[in-house]
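In case you want the letters, here they are:
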Amino acid sequence: VILEVDVFDRLNLEMVPEVRAALERGDEEAAVRAWAAHFRNRLHSPWANHLRLPQSAASEQKALQADRIVRGEIEEQAIGHVFERGDIDWFYNPTREDDDLAVNNEWQWQLNRMGFWVVLGSAYQMTGNEIYAQTWVKHLRSWAEQCARPDDHGNYAESCWRTIESGIRMAGSWPRAFRYFLHSPSFTDLDVVLYVKLC
């Protein structure tokens, strides 16, 4: 099933003639392939400087952190939570579930900053272990399914689209993860389109 490709309506297709040609002949699958190839084959990326990796002992620690994320172990605001089977509920907030905790909207807001994606990406670059890429793609797809873009600004409790979160993730975790996983076989051409559509 081809992904909804209205994202192409927002592009300057003069910059990606292969995509334009595919769309003109009605071949959406070829357009998706060409769009993904455009990113994968670029010689320059504004995010290339994000590919700084930890060294030696720090590398092993990063992999251990990534393994916890794969298992669904997430910590925000010094409060941990385990998402069963690693399936993240992007609206979940343990401070709303535990009477011993003061309600803190920052837990869920910061979950949606996806800082842990950088940990997964670093571990993937160091080890080549596809489980880290598969986990990231799983997160990306689940976020797309759960978190439709709101019609308003999203600046309220239990929102995944508060403007500060949107800005922080697009200045850090999202472009860095994109670069880390861009050439992974787990990150399909359709996923590349999905990523761009969500930005």
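Remember, predicted model here, so these are calculated numbers, not experimental data.

Student: Can you lay out the overall build of the chain for me, pointing to particular residues and giving the numbers?
Tutor: Broken down by element type, the chain carries nine helices and two strands. Its helices and strands in sequence order give the chain the pattern α-α-α-β-β-α-α-α-α-α-α, from N to C terminus. The C-alpha atoms of the chain give 18 Å as radius of gyration, which agrees with the globular expectation for 199 residues (16 Å, within 12%). Here the C-alpha coordinates of the chain stretch approximately 60 × 45 × 30 Å along the principal axes. For the chain, with 199 residues in total, the buried portion stands at 45%. In the chain, 67% of the contacts between residues at least 6 apart in sequence involve partners at least 24 apart. Only carbon and sulfur atoms are counted for the fraction: they give 50% of the accessible area of the chain, which is about 10500 Å².

Student: With reference to specific residues and values, describe the pairing of strand β1 (residues 73–76).
Tutor: Here β1 shows a clear split, with Ile 74 and Glu 76 buried on one side and none of Glu 73 and Glu 75 buried on the other. Two elements, β1 and strand β2 (residues 79–82), share four bridges in a ladder whose sense is antiparallel. From the neighbouring strand, Ile 74 faces β2, where its bridge partner is His 81. The antiparallel pairing of β1 with β2 creates a hairpin that spans two residues between the two strands, and Gln 77 there sits at a positive phi of about 55 degrees.

Student: Run through the environment of Ala 133, naming residues and quoting values.
Tutor: Mapped onto the secondary structure, Ala 133 falls in helix α6 (residues 130–146). Given the relative accessible area of 1%, Ala 133 is considered buried. For the pair Ala 133 and Arg 68, spaced 65 residues apart in the sequence, the C-alpha separation amounts to 14 Å. Sequence-distant contacts of Ala 133, defined by excluding residues within four places in its chain, comprise Tyr 124, Phe 181, Ser 184 and Ser 186.

Student: Mind laying out the nonpolar core, listing which residues take part and the relevant values?
Tutor: Of all hydrophobic cores here, the largest spans 53 residues; its most connected members are Trp 90, Trp 117, Trp 136, Leu 140, Trp 143, Phe 181 and Phe 187. Those elements giving two or more residues to this core turn out to be α1 (17–24), α2 (28–40), α3 (56–70), α4 (106–111), α5 (116–127), α6, α8 (173–181) and α9 (189–198). Among residues more than four places away in sequence, those in contact with Phe 187 are Arg 40, Trp 136, Val 137, Leu 140, Phe 178, Phe 181, Leu 182, Val 192 and Tyr 195.

Student: Which residues make up the state of the cysteines, and what values go with them?
Tutor: In this structure the tally under the stated criterion is zero disulfides. With no disulfide partner, Cys 160 has as its closest neighbouring cysteine sulfur the one in Cys 147, 3.3 Å distant. For Cys 160, a relative accessible area of 2% translates into the label buried. As a non-bridged cysteine, Cys 199 has Cys 147 as the owner of its nearest cysteine sulfur, 14 Å distant.

Student: Describe the packing of α5 against α6, and please don't skip the residues or the numbers.
Tutor: Contact pair α5 / α6: the axes reach a minimum separation of 8 Å and the direction vectors enclose 150 degrees. On the basis of the axis angle, α5 is roughly antiparallel to α6. Between α5 and α6 lies a crossing of left-handed hand. Residues Phe 116, Trp 117, Leu 120, Ala 123, Tyr 124 and Thr 127 of α5 form the contact with α6, whose own contacting residues are Glu 130, Tyr 132, Ala 133, Thr 135, Trp 136, His 139 and Leu 140. Looking at the contact of α5 with α6 residue by residue, the classes come out as nine nonpolar, three polar and one charged.

Student: Requested: an account of the pattern of salt bridges, with residues and values cited.
Tutor: In the structure shown here, the tally under the stated rule is 11 salt bridges. Across the pair Arg 71 and Glu 73 runs a salt bridge, and its minimum N-O distance is 2.9 Å. The class for Glu 73 is partly exposed, based on a relative accessible area of 31%. Of the charged contacts, one joins Arg 85 and Asp 87 as a salt bridge, the two residues approaching to 3.3 Å between their closest N and O atoms. Take Asp 87: its relative accessible area is 34%, and that puts it in the partly exposed class. Bridged by salt links that share partners, the residues Glu 84, Arg 85, Asp 87 and Lys 138 form one connected network.

Student: Report on the packing of helix α7 (residues 163–171) against α8, specifying residues and quantitative values.
Tutor: In the contact formed by α7 and α8, the axes pass within 3 Å of each other and the chain directions differ by 30 degrees. Here Ile 168, Arg 169, Met 170 and Ala 171 of α7 come into contact with α8, specifically with Ser 173, Trp 174 and Pro 175. Its residues assigned to classes, the contact of α7 with α8 comprises five nonpolar, one polar and one charged.

Cut-offs used in this document
Residues numbered from 1 in each chain as written. Predicted model: local features only at pLDDT ≥ 70, side-chain atom pairs only at ≥ 80, totals over all residues. Heavy atoms only, no water. Helix = DSSP H or I, 4+ residues; strand = E, 2+ residues; numbered from the N terminus. Rg over C-alpha atoms; globule rule 2.2 N^0.38 Å. Buried < 20%, exposed > 50% of the residue type's maximum accessible area, 1.4 Å probe, protein only. Contact = heavy atoms within 4.5 Å. Areas by Shrake-Rupley, 256 points an atom, 1.4 Å probe, with all protein chains shown as cover. Pairing = 2+ DSSP bridges. Core = buried A, V, L, I, M, F, W, Y, C linked by side-chain atoms within 4.5 Å. Disulfide = S-S within 2.5 Å. Axes fitted to C-alpha atoms, helices over the stretch in contact; angles between N-to-C directions. Parallel < 35°, antiparallel > 145°, perpendicular 65-115°, else oblique. Left-handed = near helix turned anticlockwise from the far one by under 90°. Nonpolar A, V, L, I, M, F, W, Y, C, P; charged D, E, K, R; others polar. Salt bridge = Lys/Arg side-chain N within 4 Å of Asp/Glu carboxyl O.

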